[in-house]
Amino acid sequence: DQQVKQNSPSLSVQEGRISILNCDYTNSMFDYFLWYKKYPAEGPTFLISISSIKDKNEDGRFTVFLNKSAKHLSLHIVPSQPGDSAVYFCAAIYNTDKLIFGTGTRLQVFP
Amino acid sequence: DSGVTQTPKHLITATGQRVTLRCSPRSGDLSVYWYQQSLDQGLQFLIQYYNGEERAKGNILERFSAQQFPDLHSELNLSSLELGDSALYFCASRPGGKAGYTFGSGTRLTVV
């Protein structure tokens, strides 16, 4: 049972454009959502998070939007840079405080 | 350096064998989490320890076990290894609250 889903396994975006990565979840008990970025041969690194009581959180080039009614969140990267090329994982938490990860989206930013 | 240390970085072993993966959390972090990432898969939660005690269990096989020691480091023991156990195993730690999960760089296990 995949509670957190990232339906796009890959995304290719031109440098300078917006990258939009999507994530859907099924468990309405999730109260905190996070995005992690992962380079090959490295562990995931925390990028940005959002509480379920908010609908937007912004940090520099990264913005996460949450639509609770649709059980959907998205990560916007503007402008996209080649160094952003990585695998992005969406994750969610509820009261047991373990992270439930999606399967990831591989973002490639080309010049 | 994330502050979470995992050893070894790479491990190659034969089917049927037993291995131990080690994780040292960030200084002061009481919670340790173990995750498995198989080829092109997401990270699957295995088990969580908090201050030496098992806190939550995920999709961990009976052949796998873990523990957290008084100095807060944790070990994940994998026994009767099968080819399908080949994966990246990540450890994460956090001090508390919702955010602040920090991952180590992982142990790549190859079972041949």
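What you see is a predicted model, and the numbers here were worked out from it, not measured in a lab.

So, on to the overall build of chain B. Helices and strands together make up the secondary structure of chain B, namely zero helices and eleven strands. Reading chain B from its N end, one meets helices and strands in the order β-β-β-β-β-β-β-β-β-β-β. Taken against the 2.2 N^0.38 rule, which gives 13 Å for 112 residues, the C-alpha radius of gyration of chain B at 13 Å falls within 12% of a compact globule. Dimensions of chain B, computed from C-alpha atoms along their principal axes, come out at roughly 40 × 25 × 20 Å. Every one of the 112 residues in chain B was classed for burial, and the buried ones make up 48%. Look at the contacts in chain B between residues 6 or more apart in sequence, and 53% of them connect residues 24 or more apart. Approximately 5,300 Å² of chain B is accessible, and the part contributed by carbon and sulfur atoms is 47%. Between the averaged position of the 10 positive side-chain charges in chain B and that of its 10 negative side-chain charges there is a distance of 4 Å.

Chemically, a disulfide is nothing more than a covalent bond linking the sulfur atoms of two cysteines. Tallied over the entire structure, the rule returns two disulfides over all chains. Sulfur-sulfur distance for the disulfide between C23 of chain A and C90 of chain A comes to 2.0 Å. With the S-S bond torsion at -70°, the cross-link from C23 of chain A to C90 of chain A turns out left-handed. Taken together, the positions of C23 of chain A in strand 3 (residues 19-25) and C90 of chain A in strand 9 (residues 86-93) put the pair 67 residues apart, joining distant regions of the chain. By the burial criterion, C23 of chain A is buried, and C90 of chain A matches it. Across the disulfide from C23 of chain B sits C91 of chain B; the S-S distance is 1.7 Å. Because the sign of the S-S torsion sets the handedness, a value of about -50° for the bond joining C23 of chain B and C91 of chain B places this disulfide among the left-handed ones. Within this pair, whereas C23 of chain B is found in strand 3 (residues 19-24), its partner C91 of chain B is found in strand 9 (residues 87-94), the two being separated by 68 residues in sequence. Overall, the relative accessible area of 0% leaves C23 of chain B in the buried class.

With that out of the way, let us pick up the sheet that holds strand 7 (residues 64-68) of chain B. Residues and elements named next belong to chain B. Sheet architecture is open: four strands sit in the order 1-3-8-7, paired in antiparallel fashion. Sheet topology places strand 1 (5-7) and strand 7 at the edges, where each strand pairs with a single neighbour. Strand-to-strand, the axes of this sheet are offset by a mean angle of 15°, without reference to chain direction. With five bridges joining them, strand 3 and strand 8 (residues 74-78) adopt antiparallel strand pairing. Its bridge partner lying in strand 8, C23 is registered against S74.

This next bit is on the pairing of strand 8 (residues 72-77) of chain A. Residues and elements named next belong to chain A. Most of strand 8 sits out of view: five of its six residues are buried. As paired strands, strand 3 and strand 8 are joined by six bridges and run antiparallel to one another. When the sheet's bridge partners are listed, C23 is paired in strand 8 with L73. Here strand 7 (residues 62-67) runs beside strand 8; their pairing, made up of six bridges, is antiparallel. Bridge pairing links F65 to S74 in strand 8. Between strand 7 and the antiparallel strand that follows it, strand 8, lie four residues; K71 among them carries a positive phi value of about 50°.

Between V78 of chain A and the following residue, P79 of chain A, the backbone shows a cis peptide bond with an omega angle of -10°. Tracing the backbone shows P79 of chain A in the loop between strand 8 and strand 9. Here T7 of chain B and P8 of chain B are connected by a cis peptide whose omega angle stands at -10°. By the element assignment, P8 of chain B lies in the loop between strand 1 and strand 2 (10-13).

About the criteria used
Residues numbered from 1 in each chain as written. Chains lettered and ligands numbered in written order. Predicted model: local features only at pLDDT ≥ 70, side-chain atom pairs only at ≥ 80, totals over all residues. Heavy atoms only, no water. Helix = DSSP H or I, 4+ residues; strand = E, 2+ residues; numbered from the N terminus. Rg over C-alpha atoms; globule rule 2.2 N^0.38 Å. Buried < 20%, exposed > 50% of the residue type's maximum accessible area, 1.4 Å probe, protein only. Contact = heavy atoms within 4.5 Å. Areas by Shrake-Rupley, 256 points an atom, 1.4 Å probe, with all protein chains shown as cover. Lys, Arg positive; Asp, Glu negative; His and termini not counted. Charge placed at Lys NZ, Arg CZ, Asp CG, Glu CD. Disulfide = S-S within 2.5 Å. Pairing = 2+ DSSP bridges. Axes fitted to C-alpha atoms, helices over the stretch in contact; angles between N-to-C directions.

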